[in-house]
Amino acid sequence: MMNNTGTQTMGSTRGTALYRTVWRWHFYAGLFCIPFVLMLALSGSIYLFKPQIDAWIDRPYHNLSVGAERASPNEHIAAALQAVPGSHFVNYQLPESPNHTVVIGVSQGGEQTLVYVNPYTREVLKTIGYEDQFIRQVRSFHGELLAGNAGSILVELAGCWAIVLIISGLYLWWPRSGQGIAGILYPRLTRGGRVFWRDLHAVTGIWISFFALFLLISGLPWALVWGSAFQEVRQWQAPTQQLSQQQSQHEGHHQAHQEQDWSLGRAEEQAALENAAVKEVSLLPTLLANAQALNFAPPALLSVSKDDSTVWRLSSEHQNRTLRADAWLDDNGAVLRQQTFAEGKAVDRIIGIGAAAHEGQLFGWFNQLLGLLTTSGLILISITGFVLWRRRKPGRVLGAPPALPNERVGIAVTLIVFGLALMLPLLAVSLLSLLTLEYFVLRRFRASRLWLGLEQAINPRFQ
């Protein structure tokens, strides 16, 4: 029979092996994620303040002199189409006040242009490509690194491994017996050296871990692989309400083709744009007045229904999705049907709330502040993690925590990794690729084993 000392030794060995295994996962995940986390945190910090940035950029067009007579909506549209020869009408943004410029979206060759028209003089004050707007460039960089689908996959892959990074970091942070709260809940800033950097890294990580996980998970619907799979799941849910036979004659198609309020990249948005563009359009003043009377949260866009040219659709594009609504009006402005956020599919409501919080717009300035603190924390733990690596890294090796002899992955780690891989298909693919590469290539050469820390005496720096 094994005595207590033997039992404790075996338990200690198992605990050390598990800790070292998790540490190695954390190290490799961090090494891959740090550049992406820095880029996404910086771009995300900017995008949090989209309303303020947009208002500052458009300030010259929000203080026009109010004329004696306002031109008709059709004259505004004609001026916009003339400003971009060969273009088709896409949408008409309802001005928020009489001294605001009218912004009209037109499309040419699948590319959308925004045309700013003085509503009184019909003078075109500005034209800019929709994707050329500063905030759209930030958004594209944040979601695709300005590299299309390839960039989107890289961002998604980094997001998947960042989830592994945070979960493994929580295990490494978890207090051991006899350990006080110093270095756990607050950093020991006066200790200096490695302790200073380790505490900044670990303590910051624990305070922002929940919010960082939320940002990563709420961003998945925009990801190319995960989002595509989720769109398929979304279609399984039956419509929340059935339209009567009389309603379906006018707007049944709107329920059948109800889109979600997120997209998977520029290609999908461009396809939707081409479907929305129309060559000939007539927007009557009564229709515009009735649309404005609905008081939808700005920006509110009027466009021709893609299923019926005699029906107009008014859509609120407010970043706080809970304030969004849609209405369908006939040519004369009579409201055929309205749909609020609360009437949408349950899955869309959940994603919409998450998207609004992700963008910092669900509950006002405090949401922006919380997002900024989280992105700042992510930047700090990335920098401190890099410093910790460089301080302990031996000269000519990667500097990964060395593997213990005969080290095995614990059941808990296996289950967690399997669960994450099941929910994150891109993580599963990358894991299989890495394991295949390690087993068939890296382990076959002693130089690569030494560089990766697979064959190395335990270094005191990692104790």
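Residues numbered from 1 in each chain as written. Predicted model: local features only at pLDDT ≥ 70, side-chain atom pairs only at ≥ 80, totals over all residues. Heavy atoms only, no water.

Enquirer: Tell me about the overall build of the protein, and name the residues and values.
Expert: Within the protein, the secondary structure is distributed over 15 helices and 8 strands. The burial tally for the protein puts 45% of its 463 residues in the buried class. Of all intrachain contacts in the protein linking residues separated by at least 6 positions in sequence, the fraction that spans at least 24 positions is 65%. Of the roughly 24,400 Å² of accessible surface on the protein, 62% is carried by carbon and sulfur atoms. (Helix = DSSP H or I, 4+ residues; strand = E, 2+ residues; numbered from the N terminus. Buried < 20%, exposed > 50% of the residue type's maximum accessible area, 1.4 Å probe, protein only. Contact = heavy atoms within 4.5 Å. Areas by Shrake-Rupley, 256 points an atom, 1.4 Å probe, with all protein chains shown as cover.)

Enquirer: I'd love a proper account of the confidence of the model for the protein, names of residues and values included.
Expert: Close inspection of predicted coordinates is inappropriate for parts of the model with low pLDDT. Confidence in the prediction of the protein, expressed as mean pLDDT, is 84, and 83% of residues score 70 or more. Overall, residues 238-258 carries pLDDT values under 50, and its contacts beyond four positions in sequence, including any with other chains, amount to 32 contacts. Counting contacts from residues 457-463, a segment whose pLDDT is below 50, to residues more than four positions away or on other chains yields 20 contacts. (pLDDT = per-residue confidence, 0-100.)

Enquirer: Break down the pairing of strand β3 (residues 111-117) for me, with residues and values.
Expert: Burial within β3 is extensive, with 6 of its 7 residues counted as buried. Sheet topology note: the strand β2 (residues 102-108)/β3 ladder contains 7 bridges and is antiparallel. When the bridges of β3 are listed, S107 appears paired with Q112. What sits between the antiparallel neighbours β2 and β3 is a turn of 2 residues, in which G109 has the positive phi angle 60 degrees. Note: β3 against strand β4 (residues 124-129), 5 bridges, orientation antiparallel. The residue bridging V117 from the neighbouring strand is V124, located in β4. Where β3 hands over to β4, the hairpin turn is made up of 6 residues, of which R122 adopts a positive phi near 65 degrees. (Pairing = 2+ DSSP bridges.)

Enquirer: Any chance you could break down unusual backbone geometry for me, citing the residues and the numbers?
Expert: With an omega dihedral of -5 degrees, the bond running from P298 to P299 counts as a cis peptide bond. Assignment of secondary structure puts P299 in the loop between α10 (285-293) and β5 (300-304). Even without glycine at this site, L145 takes up a positive phi of about 55 degrees. With respect to the helices and strands, L145 occurs in the loop between α4 (134-144) and α5 (148-173). Accessibility expressed as a relative area gives 18% for L145, which makes it buried. We note that N295 has phi near 55 degrees; this positive angle belongs to a residue other than glycine. Mapping N295 onto the fold places it in the loop between α10 and β5.

Enquirer: Provide a residue-level description of the packing of α5 against helix α6 (residues 193-218), including the pertinent values.
Expert: Where α5 meets α6, the closest approach of the two axes is 10 Å, and the angle between their N-to-C directions is 145 degrees. Relative to α6, the crossing made by α5 is left-handed. Where α5 approaches α6, its residues G159, A162, I163, I166, L170 and W173 are matched on the opposing element by A202, I206, S209, A212, L213, L216 and I217. (Axes fitted to C-alpha atoms, helices over the stretch in contact; angles between N-to-C directions. Left-handed = near helix turned anticlockwise from the far one by under 90°.)

Enquirer: Now, about the environment of Y47: what can you tell me, with residues and values included?
Expert: By the element assignment, Y47 lies in helix α1 (residues 4-47). Of the residues examined, Y47 reaches a relative accessible area of 12% and is grouped as buried. Counting along the chain gives 92 residues from Y47 to R139, while the straight-line C-alpha distance between them is 6.8 Å. Apart from the residues lying within four places of it in its own chain, the contact partners of Y47 are I135, V138, R139, Q319 and E359.

Enquirer: Which residues make up the sheet that holds strand β7 (residues 325-330), and what values do they have?
Expert: If you trace the 8 strands from one edge of the open sheet to the other, you get β4-β3-β2-β1-β5-β6-β7-β8, paired in antiparallel fashion. Since the sheet does not close on itself, it has two edges, and those belong to β4 and β8 (335-340), each with one partner. For this sheet the average axis-to-axis angle between neighbouring strands, irrespective of direction, equals 20 degrees. Lying on the sheet, α10 is in contact with β1 (88-93), β5, β6 (311-316) and β7; it crosses β7 at an angle near 155 degrees.

Enquirer: I'd like a rundown of the packing of aromatic side chains, residues and numbers included.
Expert: A full pass over the atoms with the stated rule returns 14 aromatic pairs. Between F32 and F36 the ring centres are 5.2 Å apart and the planes differ by 45 degrees, which places this aromatic pair in the tilted class. Taken together, the positions of F32 and F36, both in helix α1 and 4 residues apart, correspond to about one turn of that helix. Given a relative accessible area of 12%, F36 falls into the buried group. (Phe/Tyr/Trp six-rings, centres within 6.5 Å; stacked < 30°, edge-to-face > 60°.)

Enquirer: Account for the pairing of β7, with residues named and values stated.
Expert: Most of β7 sits out of view: 5 of its 6 residues are buried. Sheet topology places β6 next to β7; 5 bridges connect them, and they run antiparallel. Its bridge partner being in β7, S315 is matched across the sheet by D326. Note: β7 against β8, 5 bridges, orientation antiparallel. Within β8, the residue paired with L329 across the bridge is V335. Hairpin connection from β7 to β8: 4 residues lie between these consecutive antiparallel strands, with G333 at a positive phi of about 100 degrees.

Enquirer: Give me the lowdown on the environment of P85, citing residues and values where you can.
Expert: Take P85: it is sitting in the loop between α3 (73-83) and β1. Separated by 23 residues in the primary sequence, P85 and Q108 have C-alpha atoms spaced 8.3 Å apart.

Enquirer: Break down the pattern of salt bridges for me, with residues and values.
Expert: The tally for this structure, following the rule as stated, stands at 9 salt bridges. A salt bridge links R122 to E75; the nearest nitrogen and oxygen atoms lie 3.5 Å apart. Here R122, found in the loop between β3 and β4, pairs with E75, found in helix α3; they are 47 residues apart in sequence, far enough to count as distant. On the basis of relative accessible area, R122 is assigned to the partly exposed category, the value being 43%. Residue E75 is classed as partly exposed on the basis of its relative accessible area, which comes to 33%. Here D199 ties to R198 by a salt bridge, and the two come within 2.9 Å at their closest N and O atoms. A relative accessible area of 23% places R198 in the partly exposed class. Salt bridges linked by common partners bring R188, R198 and D199 together as one network. (Salt bridge = Lys/Arg side-chain N within 4 Å of Asp/Glu carboxyl O.)

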